[in-house]
Amino acid sequence: MKTAIRRQMTINTEVMDLLNEQIALEMHASASYLAMASWCDQRELVNSKAFFYKQAEEERAHGMKIFNFVNDAGGAALSPAIPEVNNEFEGLREIFETSLDQEIQVTQAIYKCFKAARNADDFASEVFLQWFVNEQVEEEDTVRSIIDIFDLMEGMPLKMIDERLPTA
Amino acid sequence: MEILSDVTFNIQLKKHTFCNYQLKIDEKVMTLTFPQVLQLRNKVNLLTSAENLENIIENENFVLLFIADRKHLVFLEIPKLLDLKEELAYCFSDF
């Protein structure tokens, strides 16, 4: 029976379950970024809104990348339920801080999947997840740099800070 | 393993052909494709989470489970549900 299952799928089942949780997390992050983008859009914070719309797309693309991988490896990718998303924020700085927390949470979850793949000798999943490990370093760094701008420009009008923020 | 070849269990999942699996629950025999086996594993894992088990015990104390893309409906009490979980976990363990 074990050989039979091995012929049908290459992915380890525990790793598959964790990757399905990861899909849900990435999709939730995407929805959350969309709420942030909308908040910025309503206040004409042009650069911030562009940044968050792009982040929303990116997170969804990450989720889809994992989704396709799970199915390609013979597993069953599950379309996730998205829990409620917060649409209320106190200010732009708070939004970016929330965004950093979210990225850190995603990074930790990726590490969990990576460790599980390594422990299960699931080499294909481990190699696949390496891209995400690097990607998360980049993502966290981008948000940290933005929060640094807030620190440097403390006291300046919000619109002026927004003009100095990257859009990607 | 050879020793167990003649023993029949109440719940048993066996490979039938290359892409078909046979699930036997008591007298009922069902044929499942591999994606259906995966789906069943997911359903059973969800149902047997601590929170859901507690919920089942507090209410009907059984589950009605659709299997193989709703071709079959089975009645499972908690011990049998846990047996099914174990059988599925065994099939997927360390392949």
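Reading the values: rules and limits
Residues numbered from 1 in each chain as written. Chains lettered and ligands numbered in written order. Predicted model: local features only at pLDDT ≥ 70, side-chain atom pairs only at ≥ 80, totals over all residues. Heavy atoms only, no water. Salt bridge = Lys/Arg side-chain N within 4 Å of Asp/Glu carboxyl O. Helix = DSSP H or I, 4+ residues; strand = E, 2+ residues; numbered from the N terminus. Buried < 20%, exposed > 50% of the residue type's maximum accessible area, 1.4 Å probe, protein only. Pairing = 2+ DSSP bridges. Axes fitted to C-alpha atoms, helices over the stretch in contact; angles between N-to-C directions. Contact = heavy atoms within 4.5 Å. Parallel < 35°, antiparallel > 145°, perpendicular 65-115°, else oblique. Nonpolar A, V, L, I, M, F, W, Y, C, P; charged D, E, K, R; others polar. Buried area = accessible area lost by both parts, 1.4 Å probe. Polar contact = N/O pair within 3.5 Å; in protein donor to acceptor, adjacent residues only side chain to side chain. Expected span 1.5 Å × (residues − 1). Core = buried A, V, L, I, M, F, W, Y, C linked by side-chain atoms within 4.5 Å. Phe/Tyr/Trp six-rings, centres within 6.5 Å; stacked < 30°, edge-to-face > 60°. Patch = residues over 30% accessible without salt bridge, like charges linked within 9 Å, V, L, I, M, F, W, Y side chains within 5 Å. Areas by Shrake-Rupley, 256 points an atom, 1.4 Å probe, with all protein chains shown as cover.

Participant: Which residues make up the pattern of salt bridges, and what values go with them?
Facilitator: Taken as a whole and judged by the stated rule, the model has eight salt bridges over all chains. Put simply, D17(A) and R41(B) hold a salt bridge, and the shortest N to O gap is 2.6 Å. With D17(A) in helix 2 (residues 13–42) and R41(B) in helix 1 (residues 34–47), this pair bridges two chains. Among the residues examined, D17(A) registers a relative accessible area of 25% and is labelled partly exposed. For R41(B), a relative accessible area of 9% corresponds to the buried category. Between E140(A) and R144(A) there is a salt bridge, with its nearest N and O atoms 2.9 Å apart. A residue pair is termed a helical-turn pair when its members lie 3 or 4 positions apart in one helix, as E140(A) and R144(A) do in helix 5 (residues 123–152) at four residues. Taking relative accessible area as the criterion, R144(A) reaches 38% and is therefore assigned partly exposed. Residues joined in a network through salt bridges with shared partners are R93(A), E97(A) and D151(A).

Participant: Could you give me a rundown of the sheet that holds strand 1 (residues 11–15) of chain B, with the residues and numbers involved?
Facilitator: Whenever strands of a sheet pair, they do so through backbone hydrogen bonds, lying parallel or antiparallel. All names here are of chain B. An order of 1-2-3 is seen for the three strands of this open sheet, with the pairing classed as antiparallel. Every other strand in the sheet has two partners, leaving strand 1 and strand 3 (28–33) as the edge strands with one partner each. The sheet shows a mean angle of 20 degrees between the axes of neighbouring strands, direction not considered. Packing against the sheet, helix 1 makes contact with strand 1, strand 2 (20–25) and strand 3, and its axis sits at approximately 110 degrees to strand 3.

Participant: Account for the packing of helix 3 (residues 46–72) of chain A against helix 5 of chain A, naming residues and giving values.
Facilitator: Residues and elements named next belong to chain A. Relative orientation of the contacting elements helix 3 and helix 5 amounts to 170 degrees, with a least axis distance of 12 Å. With respect to helix 5, the element helix 3 is oriented roughly antiparallel. Contacts between helix 3 and helix 5 involve F51, Q55, E58, E59, H62, K65, I66 and F69 from the first element and A124, S125, F128, W131, F132, E135, E139, T142 and I146 from the second. Taken together, the residues of the contact of helix 3 with helix 5 sort by class into eight nonpolar, four polar and five charged.

Participant: Help me get a handle on the interface of chain B and chain A, residues and values and all.
Facilitator: Across the contact, 17 residues belong to chain B and 18 residues belong to chain A. Summed over both partners, the interface of chain B with chain A comes to about 1500 Å²; 70% of that surface belongs to carbon and sulfur atoms. Counting across the chain B and chain A interface gives one salt bridge. Inspection of the chain B/chain A interface yields two residue pairs in polar contact (both at pLDDT 80 or more).

Participant: Just give me the short version of helix 2 of chain A, but keep the residues and values in it.
Facilitator: Residues and elements named next belong to chain A. Counted at 1.5 Å a residue, the expected span for helix 2 with its 30 residues is 44 Å, and the 44 Å between its end C-alpha atoms agrees. Two or three places before E14, at the start of helix 2, stands the capping residue N12, its side-chain oxygen 2.9 Å from that residue's backbone nitrogen. Trailing helix 2 by a residue or two, E44 shows a phi angle of about 55 degrees, which is positive.

Participant: Please provide a residue-by-residue account of the environment of K80(B), values included.
Facilitator: Residues and elements named next belong to chain B. Structurally, the position occupied by K80 is in helix 3 (residues 78–92). Look at K80 and you get partly exposed, because its relative accessible area is 25%. Note: C-alpha distance between K80 and E54 (26 residues apart in sequence) is 15 Å. In this structure K80 touches I11, I25 and D26, once residues within four positions along its chain are discounted.

Participant: I'd love a proper account of helix 4 (residues 92–119) of chain A, names of residues and values included.
Facilitator: In this model helix 4 of chain A runs 41 Å from its N-terminal to its C-terminal C-alpha over 28 residues, within 8% of the 40 Å that 1.5 Å per residue would give. Phi turns positive, to about 55 degrees, at D121(A), one or two residues after helix 4 of chain A.

Participant: Can you tell me about the nonpolar core, naming the residues and giving the values?
Facilitator: Counting residues in hydrophobic clusters, the biggest one holds 51 residues, and the most contacted among them are L19(A), L129(A), L23(B), I25(B), L40(B), I67(B) and L84(B). Apart from the residues within four sequence positions on either side, I67(B) is in contact with L23(B), I25(B), M30(B), L32(B), L40(B), H72(B) and V74(B).

Participant: Can you explain the packing of aromatic side chains? Please cite residues and give values.
Facilitator: All names here are of chain A. In the structure shown here, the tally under the stated rule is 11 aromatic pairs over all chains. Geometrically, the ring pair formed by F52 and F96 is tilted, given 4.8 Å between the ring centres and 35 degrees between the ring planes. Taken together, the residues F52 in helix 3 and F96 in helix 4 connect sequence positions 44 residues apart. Summarising the aromatic geometry, the rings of F69 and F128 are spaced 4.0 Å apart at their centres and angled 5 degrees between planes, so their arrangement reads as stacked.

Participant: Outline a nonpolar patch on the surface, supporting the account with residue identities and numerical values.
Facilitator: All names here are of chain B. Residues L64, F66, L73 and F75 make up a contiguous nonpolar surface patch of roughly 390 Å² in combined accessible area. Secondary-structure elements contributing two or more residues to the nonpolar patch are strand 4 (62–67) and strand 5 (72–77). Checked against the element boundaries, L64 lands in strand 4. The exposure class of L64 is exposed, given its relative accessible area of 52%.

Just distances and angles here, no functional claims.
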